[in-house]
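# Structural overview for review
Read off the chains here:
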Amino acid sequence: IKVHKSTVKGTSYVFLHESAASCRSFTIKLDYNVDSLYENIKTILHEFRHIMQHTFFKCDVEVDFDNYTQYYNSPTERDARRCEKIAPAVLKAYRGILKSKEIFGKYELGTHL
């Protein structure tokens, strides 16, 4: 999974690359207008859930809707929004890893996480 900034303002999404060797790779594109680490983590979790829906749960992840209400209320979108609820814990863990890296460096404790 690769994560990049999107060139489309106000839009984040994920897409699948199918190769001839049946190897799957995904690219998550993040709204380039969002600078908040929390919001970016939330979006990555949301899009990662779509990858899980497609790959592990074998769900049909719809991409063609008649209107925003259909999109917003679709089962896959509701599920992906629920996955966003772990963002505060992920952010806390990420900051903890950064802090441990700092402490390892400060006290010369060797290889850090």
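See the structure above.
Basis of the calculations
Residue positions within a chain follow its written sequence, with the count starting from 1. Reporting in this predicted model follows two pLDDT cut-offs: at least 70 for local features of residues, and 80 or more for side-chain atom pairs to be given and counted; totals over whole chains, interfaces and linings ignore these cut-offs and use all residues. Remark: hydrogens and water are excluded; side-chain values derive from all non-hydrogen atoms of the structure. The axes used here are C-alpha line fits, helices contributing only the stretch in contact, and every angle between their N-to-C directions lies in the interval 0 to 180 degrees. Under the DSSP-based scheme used, a helix requires at least four consecutive residues in state H or I and a strand at least two consecutive residues in state E, with every element numbered from the N terminus. Comment on the angle field: the value is read as roughly parallel under 35 degrees, roughly antiparallel over 145, roughly perpendicular from 65 to 115, and oblique elsewhere. For any pair of crossing helices, the crossing counts as left-handed if the nearer helix is rotated counterclockwise from the farther one by less than a right angle, and right-handed if it is rotated clockwise. We call two residues in contact when some of their heavy atoms are within 4.5 Å. Each cavity reported here is a set of points on a 1 Å grid over the protein atoms alone in which a 1.4 Å probe fits but cannot get out, each pocket an open set with protein on both sides within 12 Å along at least five of seven lines, and each lining residue one with an atom within 4 Å of a point. Grid points are joined across faces, edges and corners, and a volume is the space filled by probe spheres set on the points. Throughout this entry, Asp, Glu, Lys and Arg are counted as charged residues, while Ala, Val, Leu, Ile, Met, Phe, Trp, Tyr, Cys and Pro are counted as nonpolar. The remaining residues, Gly among them, count as polar.

Turning our attention to the packing of helix 1 (residues 37-55) against helix 4 (residues 87-106). Any two packed helices are characterised by the angle at which their axes cross and by the distance between the axes. Axis separation between helix 1 and helix 4 bottoms out at 9 Å; the angle between their running directions is 120 degrees. The angle between helix 1 and helix 4 places the two elements in the oblique class. For the pair helix 1 and helix 4, the sense of crossing is right-handed. Between helix 1 and helix 4, the residues in contact are Leu37, Tyr38, Ile41, Lys42 and Leu45 and Ala87, Pro88, Val90, Leu91 and Tyr94, respectively.

Turning next to the layout of surface pockets. As a volume, the largest pocket reaches approximately 800 Å³. Along the wall of the largest pocket there are 30 residues; nearest its centre are Ser12, Tyr13, Glu47, His50 and Tyr71. Listing elements by their share of the lining of the largest pocket, those giving two or more residues are strand 2 (13-18), strand 3 (24-30), helix 1, helix 2 (68-73) and helix 3 (75-83). Broken down by element, the residue count for the lining of the largest pocket peaks at nine residues, all from helix 1. Classifying every residue of the lining of the largest pocket gives 14 nonpolar, eight polar and eight charged.

Shape is all these values report; function is a separate question.
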